Amino acid sequence: MNKLTSALCCVTLSTLSLSAQTNTLRGAFAGKFSIGAAVNVTQVHSPSPAMEKLIRTQFDCLVAENCMKGEVISPAEGQWNFRDADRLVELCQKNKQDCYGHCLVWHSQPPTWFFHHSDGTRWTRDEAIHYMRNHIQNVVGRYKGRIKAWDVVNEALNDNGTLRLTPWLEIIGEDYFEIAFKAAHAADPEAQLFYNDFSMHLPAKRDAAIQLVKRLRAKGCRVDGVGMQSHVSFDTDLVEYEKTIQALADAGCKVMITELDLSVLPWPEGNQGANIDANFAYQESLNPFKNGISKDMQRKQDAFYERLFDIYLRHADAITRVNFWGVSDADSWKNDWPMPGRTDYPLAFDRKLQPKPFVKALIKKAKMN
Ligand code: G3I
């Protein structure tokens, strides 16, 4: 057996062993739905050995938390910064993990040069269409065949189901959705294409997303499904949440749980979903676990995550991926949103990279289903 064959056998065997390790999330959920995490640039380029092993063995797919966003990849007109995204794609290929693309068209955190010229004049409709198509063609085209699915348009609906008045909608009009999805499909005909949003348990938002998918499909767009971000809280209505999964499945949509996390901290002023524009000054009284999560609160979180995964397993025929929005609690955006400087515990692995108690329960559940 020559060296190449031998190496390929080693990689294959190690990959098979990863999926066969049923004491990991990746192994336990193999065959049900992909289980993944969002990774940051430190985890992409220079993870600690313990973090590298956790990411490789626990997840069968990864997504960039930030490094595939326009603000990173396209810092100035005609300038492209693919360094971090390239490394992530290479990492996924090495570890036989699927790589997912997030996100192509979003109103938040756009490249600073988007939507206006250097003299301050706003893009015309034709210019906005040109720049959006150019962005999508360059990004999706670069990773053709290596990204399993793209979040093509992100967070374009308001909670009441109306279209969010983003610069894309203002400048181009409602056909920006169709232009975006058709540009993504042209750049990589094999990639699955999704609409992605938060608070999808809200009935009005659920209905609007389904109508949006139907309109786009009627216009000849490939829309494989909807990403339910799932930045959930203890007050998230899980009956409505499950209704959304069922309604999407009934509409012929694949469902991805794209940004799963469960904050244990109190909201400053009611549930803000994941509307990143909401920001509140630090209040000590709203940071109750800065020295560690209480046993009662951990038990509460464990129970809620188990309820979530009971729902996912009931709908495994429609759900193709469940993705945590981060690897360990220390990495989570929720430590600084909606209030900077807090200590949250929203993810599956703690600050010492140890699995939360619910992880063991989820693995047991997966084996029993
Ligand atoms: O990389 C720069 C660094 O060079 C600079 O020193 C630092 C301070 O300005 O900023 C760093 O960039 C930050 C980036 O995260 C990486 O840490 C951006 O300012 C910050 O805005 C960005 O926040 C991300 C946010 O999206 C906005 O893009 C969060 O990490 C990320 O978790 C969050 O994720 C979003 C999803 O993409 C869409 N759904 C909601 C979700 C939560 O808001």
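The structure reproduced in this document is the subject of the present report. What you see is a predicted model; the values in this text were computed from it and never measured. Numbering of residues starts from 1 in every chain and runs along the sequence as written. Note on the predicted model: pLDDT of at least 70 is required for a residue's local features to be given, and 80 or more for side-chain atom pairs to be given and counted; whole-chain, interface and lining totals, by contrast, use all residues. Note that the side-chain values use all heavy atoms of the structure and ignore hydrogens as well as water.

Points about the overall build of the chain
Helix and strand definitions here come from DSSP, where helices need a minimum of 4 consecutive H or I residues and strands a minimum of 2 consecutive E residues; each element is numbered from the N-terminal end. Within the chain, the secondary structure is distributed over 13 helices and nine strands. Seen through its C-alpha atoms, the chain measures out along the principal axes to roughly 65 × 55 × 40 Å. Exposure categories follow from relative accessible area, calculated using a 1.4 Å probe and restricted to protein chains: below 20% of the type maximum is buried, above 50% is exposed, and the middle band is partly exposed. Taking all 369 residues of the chain together, 56% fall into the buried category. Computed by Shrake-Rupley with a 1.4 Å probe, the accessible areas treat only the displayed protein chains as cover when residues are assessed. With the model as given, the accessible surface of the chain reaches about 15,400 Å², and the carbon-plus-sulfur share is 51%. Charge centroids of the chain, computed over 44 positive and 44 negative side chains, lie 7 Å from each other. In this charge count, Lys and Arg are treated as positive and Asp and Glu as negative; neither His nor the chain ends contribute. Working definition for charges: the position is that of NZ of Lys, CZ of Arg, CG of Asp or CD of Glu.

Re the environment of Leu202
Looking at the secondary structure, you find Leu202 in the loop between strand S5 (192–197) and helix H10 (203–218). Put simply, Leu202 and Asp98 are 104 residues apart on the chain and 30 Å apart in space, counted from C-alpha to C-alpha.

With respect to unusual backbone geometry
Note that the residue after His102, namely Cys103, is joined by a cis bond; omega there is -15 degrees. One can find Cys103 in strand S3 (residues 98–105). For the bond running from Trp337 to Pro338, omega is 5 degrees, close enough to zero to count as cis. Despite not being glycine, Ser199 has its phi angle at roughly 50 degrees, a positive value. On the secondary structure map, Ser199 appears in the loop between S5 and H10.

A word on the side chain of Gln229
Here Gln229 is to be found in the loop between strand S6 (225–228) and strand S7 (231–232). A relative accessible area of 0% places Gln229 in the buried class. Counted as a polar contact is a pair of N or O atoms within 3.5 Å, where, for protein atoms, one must be capable of donating a hydrogen and the other of accepting one, and residues adjacent in sequence contribute only when both atoms are in side chains. At a separation of 3.1 Å, a polar atom in the side chain of Gln229 contacts the side chain of Asn154. Not counting residues within four places of it along the chain, the set of residues in contact with Gln229 comprises Asn154, Glu155, Asn196, Asp197, Phe198, Thr258, Glu259, Leu260 and Ala274. Residues are treated as being in contact if the distance between any of their heavy atoms lies within 4.5 Å.

Considering the site of the ligand
Put simply, a residue is near a molecule or strand once any heavy atom of it comes within 4 Å of that molecule or strand. Of all residues adjacent to the ligand, which total 15 residues, the nearest are Glu65, Lys69, His102, Glu155 and Glu259. In this structure, a nitrogen atom belonging to the ligand sits 3.1 Å away from a side-chain N or O atom of Gln229. At 2.9 Å from an oxygen atom of the ligand is found a side-chain nitrogen or oxygen belonging to Trp325.

Describing the packing of aromatic side chains
Think of it this way: a Phe, Tyr or Trp ring, Trp meaning its six-membered ring, pairs with another when their centres are within 6.5 Å, and the plane angle makes it stacked under 30 degrees, edge-to-face over 60, tilted otherwise. Taken as a whole, this structure holds 25 aromatic pairs when the rule is applied. Relative to Tyr131, the ring of Trp113 lies with its centre 5.4 Å away and its plane at 80 degrees, an arrangement referred to as edge-to-face. Separated by 18 residues along the polypeptide, Trp113 in the loop between S3 and helix H7 (125–142) and Tyr131 in helix H7 bring together distant segments of the chain. Take Tyr131: its relative accessible area is 12%, and that puts it in the buried class. On the numbers, 6.5 Å between centres and 80 degrees between planes, the contact of Phe289 with Tyr345 is edge-to-face. Placement of Phe289 in the loop between strand S8 (254–262) and helix H12 (295–314) and of Tyr345 in the loop between strand S9 (319–324) and helix H13 (357–368) is noted, with a sequence separation of 56 residues between them. An aromatic cluster is present here, built from Phe29, Phe33, Tyr241, Tyr305, Phe309, Tyr312, Phe324 and Phe358 joined pairwise through their rings. Its guanidinium or amino end placed over the ring of Phe234, Lys300 lies 4.4 Å from that ring's centre, counting from NZ or CZ. Sitting over a ring, as applied to charges here, requires NZ of Lys or CZ of Arg to be within 6 Å of the ring centre and within 35 degrees of the ring normal.

Section: the pairing of strand S1 (residues 34–39)
Burial analysis of S1 places six of its six residues in the buried class, which makes it a mostly covered element. Here S1 shows no split at all, with Ser34, Gly36 and Ala38 on one side and Ile35, Ala37 and Val39 on the other all buried. Should DSSP find at least two bridges between two strands, the strands are taken to pair. Bridge count between S1 and S9: four bridges; the pairing is parallel. Among the inter-strand pairings, Ser34 is bridged to a residue of S9, identified as Arg321.

A closer look at the environment of Thr236
With respect to the helices and strands, Thr236 occurs in the loop between S7 and helix H11 (238–250). Residue classification places Thr236 among the buried residues on the basis of a relative accessible area of 6%. Separated by 35 residues in sequence, Thr236 and His201 have C-alpha atoms that sit 7.8 Å apart. From its side chain, Thr236 meets the backbone nitrogen of Ser233 in a polar contact 2.9 Å long.

Some words on the nonpolar core
In this structure, Met68, Trp150, Phe309 and Tyr312 are the most contacted members of the largest nonpolar core, which totals 102 residues. The biggest single contributor to this core is helix H9 (residues 176–187), with eight residues. When residues no more than four places from it in sequence are discounted, the contact partners of Phe309 are Phe29, Phe33, Ile35, Leu260, Val322, Phe324 and Leu362. Here, nonpolar core means buried Ala, Val, Leu, Ile, Met, Phe, Trp, Tyr and Cys residues that are tied together by side-chain atoms lying within 4.5 Å of each other. Core analysis: the second largest hydrophobic core is formed by 17 residues, Ala38, Leu286, Trp325 and Trp333 among them.

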